[in-house]
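Spelled out, the chains give:
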Amino acid sequence: MRLGDIVLRNRLVTSSSLLGYGVSNTPLLPYGMSPISLFVPLAEFGAVTTRTLTVEPREGHFTTRDDWSLPELPGLLRRYGTVLRGTDGGWINAFGWCNVGIDAYLRDYYPRTRDQRVIISLGGFSAEEFVTLVDRVNAVVPVGDIAAVELNVSCHNVNFDFSTILQDVLDEAVPRSNHPVILKLSPDNDYLRNAQQAAKAGVSALTAINTVKALRLDPRTGTPLLANRYGGLSGRAIKPIGLRVVSELREAGVTLPIIATGGIRTVDDCREYFWAGADAVSLGSATWLASYPGYALAPVRALHVRRVLRAIRRHGARPVRGGPAR
Ligand SMILES: Cc1cc2nc3c(=O)[nH]c(=O)nc-3n(C[C@H](O)[C@H](O)[C@H](O)COP(=O)(O)O)c2cc1C
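These figures come from a predicted structure and were not determined experimentally. (Residues numbered from 1 in each chain as written. Predicted model: local features only at pLDDT ≥ 70, side-chain atom pairs only at ≥ 80, totals over all residues. Heavy atoms only, no water.)

A. Structural view of the pairing of strand S6 (residues 90–93). Where burial is concerned, the two faces of S6 agree: the one with Gly90 and Ile92 and the one with Trp91 and Asn93 are both buried. Both strand S5 (residues 84–87) and S6 contribute to a ladder of four bridges, which runs antiparallel. Its bridge partner being in S6, Thr87 is matched across the sheet by Gly90. Between S5 and S6, which pair antiparallel one after the other, the connecting turn spans two residues, and Gly89 there sits at a positive phi close to 70 degrees. (Buried < 20%, exposed > 50% of the residue type's maximum accessible area, 1.4 Å probe, protein only. Helix = DSSP H or I, 4+ residues; strand = E, 2+ residues; numbered from the N terminus. Pairing = 2+ DSSP bridges.)

B. Quick look at the site of the ligand. Inspection of the region around the ligand gives 22 residues, with Thr52, Lys184, Gly235, Gly263 and Ser285 positioned closest. A distance of 3.1 Å is found between an oxygen atom of the ligand and a side-chain nitrogen or oxygen belonging to Asn152. Take Gly262: an N or O atom from its main chain is 3.5 Å from an oxygen atom of the ligand. Taking 600 Å² as the accessible area of the ligand by itself, protein coverage stands at 96%. Taken together, the residues that form the shell around the ligand break down as six nonpolar, 15 polar and one charged. (Near = heavy atom within 4 Å. Polar contact = N/O pair within 3.5 Å; in protein donor to acceptor, adjacent residues only side chain to side chain. Areas by Shrake-Rupley, 256 points an atom, 1.4 Å probe, with all protein chains shown as cover. Nonpolar A, V, L, I, M, F, W, Y, C, P; charged D, E, K, R; others polar.)

C. Region of interest: helix H4 (residues 166–173). What H4 keeps buried is the set Leu166, Val169, Leu170 and Ala173. The buried residues of H4 occupy an angular sector of 100 degrees when projected down its axis, which confines them to one face. Considering only its buried residues, H4 is in contact with helix H3 (127–140), strand S8 (148–152), strand S9 (181–185) and helix H5 (191–201). (Arc of directions from axis to C-beta. Contact = heavy atoms within 4.5 Å.)

D. A look at a positive patch on the surface. A cluster of basic residues, Arg306, Arg307, Arg310 and Arg314, forms a positive patch at the surface. Along the chain, Arg314 turns up in helix H8 (residues 298–315). The exposure class of Arg314 is exposed, given its relative accessible area of 58%. (Patch = residues over 30% accessible without salt bridge, like charges linked within 9 Å, V, L, I, M, F, W, Y side chains within 5 Å. Salt bridge = Lys/Arg side-chain N within 4 Å of Asp/Glu carboxyl O. Lys, Arg positive; Asp, Glu negative; His and termini not counted. Charge placed at Lys NZ, Arg CZ, Asp CG, Glu CD.)

E. Expanded view of a nonpolar patch on the surface. On the surface, Leu215, Leu217 and Tyr230 cluster together into a nonpolar patch covering about 220 Å² of accessible area. You can see Leu215 is positioned in strand S11 (residues 212–215).

F. Broad picture of the state of the cysteines. Under the criterion given, the structure shown has zero disulfides. Among the cysteines around Cys98, which has no disulfide bond, Cys155 carries the closest sulfur, lying 11 Å off. Under the relative-accessibility criterion, Cys98 is labelled buried at 4%. (Disulfide = S-S within 2.5 Å.)

G. Geometry of the nonpolar core. Phe45, Tyr105, Ile120 and Leu183 are the most contacted members of the largest nonpolar core, which has 85 residues in total. Ranked by residues supplied to this core, first place goes to H8 with seven residues. Once residues within four sequence positions are removed from consideration, Phe45 is found in contact with Arg9, Asn10, Leu12, Val13, Thr14, Leu19, Val40, Leu283, Val305 and Leu309. Listed in part, the twelve residues of the second largest apolar core include Leu3, Ile6, Ala148 and Ile182. (Core = buried A, V, L, I, M, F, W, Y, C linked by side-chain atoms within 4.5 Å.)

H. Seen up close, the packing of aromatic side chains. Taken as a whole and assessed by the stated rule, the structure comprises nine aromatic pairs. The interplanar angle of 40 degrees and the centroid separation of 6.1 Å between the aromatic rings of Tyr21 and Tyr105 together place this pair among those described as tilted. Residue Tyr21 is located in the loop between strand S3 (12–14) and strand S4 (47–49), and its partner Tyr105 is located in helix H2 (residues 102–109); the two are separated by 84 residues in the primary sequence. The same class applies to Tyr21 as to Tyr105, namely buried. With a centroid separation of 4.5 Å and an interplanar angle of 50 degrees, the aromatic rings of Tyr21 and Tyr109 are classed as tilted. With Tyr21 in the loop between S3 and S4 and Tyr109 in helix H2, the pair connects residues that are 88 residues apart, well separated along the chain. Each member of the pair, Tyr21 as well as Tyr109, carries the same accessibility label: buried. An aromatic cluster is present here, built from Tyr21, Tyr105, Tyr109 and Tyr110 joined pairwise through their rings. Positioned over the ring face of Tyr230 is Lys213, at 4.6 Å from the centre of the ring. Arg229 extends its terminal NZ or CZ atom over the ring of Tyr230, reaching a point 5.6 Å from the ring centre. (Phe/Tyr/Trp six-rings, centres within 6.5 Å; stacked < 30°, edge-to-face > 60°. Lys NZ or Arg CZ within 6 Å of the ring centre and 35° of its normal.)

I. Quick peek at H2. Buried within H2 we find Ile102, Ala104, Tyr105, Leu106 and Tyr109. In this fold, the buried residues of H2 make contact with strand S7 (118–122) and H3.

J. A look at a negative patch on the surface. Residues Glu128, Asp168, Asp171 and Glu172 make up a contiguous surface patch of negative charge. With three residues, the top contributor of residues to the negative patch is H4. On the secondary structure map, Asp168 appears in helix H4.

K. A look at the environment of Ala148. One can find Ala148 in strand S8. On the basis of relative accessibility, which here comes to 0%, the residue Ala148 falls in the buried class. It is 19 Å that separates the C-alpha atoms of Ala148 and Ser186, two residues lying 38 residues apart in sequence. Residues within four places of Ala148 in sequence aside, it is in contact with Ile6, Val118, Ile119, Ile120, Pro180 and Ile182.

As structure tokens, this is what we get:
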């Protein structure tokens, strides 16, 4: 199916980062890949969106190491605790764009995901960095081989004001891309204005929404739960916010295709987003996050993800009976 010039396999994609780079480098401990994803055929998604990639490798607030051995697992889990915490109805995270860098991704991971439809997420701190990222993707990926590149100018936990560069990024990076460009919107920014800027600049689609800026403190000490203090809230808790953003974009007359992400877990969640005005829907936290004991149930949770995937594939534009014809 098509969203403008973006070709997807169906209307259910996965949100940036939740399935890492689409493949793991370590067979025994699938670092960067969720236990749930191991039981879901990733090639059946409309597309899989990569973790956000930067020009250079970045530790962020976490680590780029992916050679953890089993005895090191407790140390790895402790580290996770400083960048990712469960909270009421969702999760807050502040990984800070930890990633291997665009060159390593294109060399070591992308060639092993050729069975998947891929959206490559790109992140930078200046228009020049976005131009470099687009050029590197252009140089390696033939036209048509990926669904799109997605520009992440809406992340909270890298502590940067993207509004200062957005117009330059749109003016300089979008026209250079050989691939369709998606702009990812933040519910905490002026998303109506950003969507209009995107439409003028030739962006092909919008992803709404990125995580919501959030904070949790230890109630006894006041210490932030995350090392970065602030993080991004995802999961069930943000679904009504995502629905509000998609609906307001449509009410404001935005006609670009919208890929909705934010707390989607069930077919009914997808249906709600389609009613609000989305053209495609995206699974984020639902494909990865669980309590540690919950990971023992990964195969069962994967069955649930597969059910949603089957329903969207079967019903195409109308995910369930009575859904809006879009
Ligand atoms: C652990 C984690 C890491 C994320 N990393 C990225 C990222 O690198 N780039 C990005 O654009 N969004 C990132 N996101 C945001 C998701 O792609 C998605 O937009 C958001 O979580 C809302 O969907 P959900 O509520 O279904 O998770 C991340 C979310 C989580 C939970």
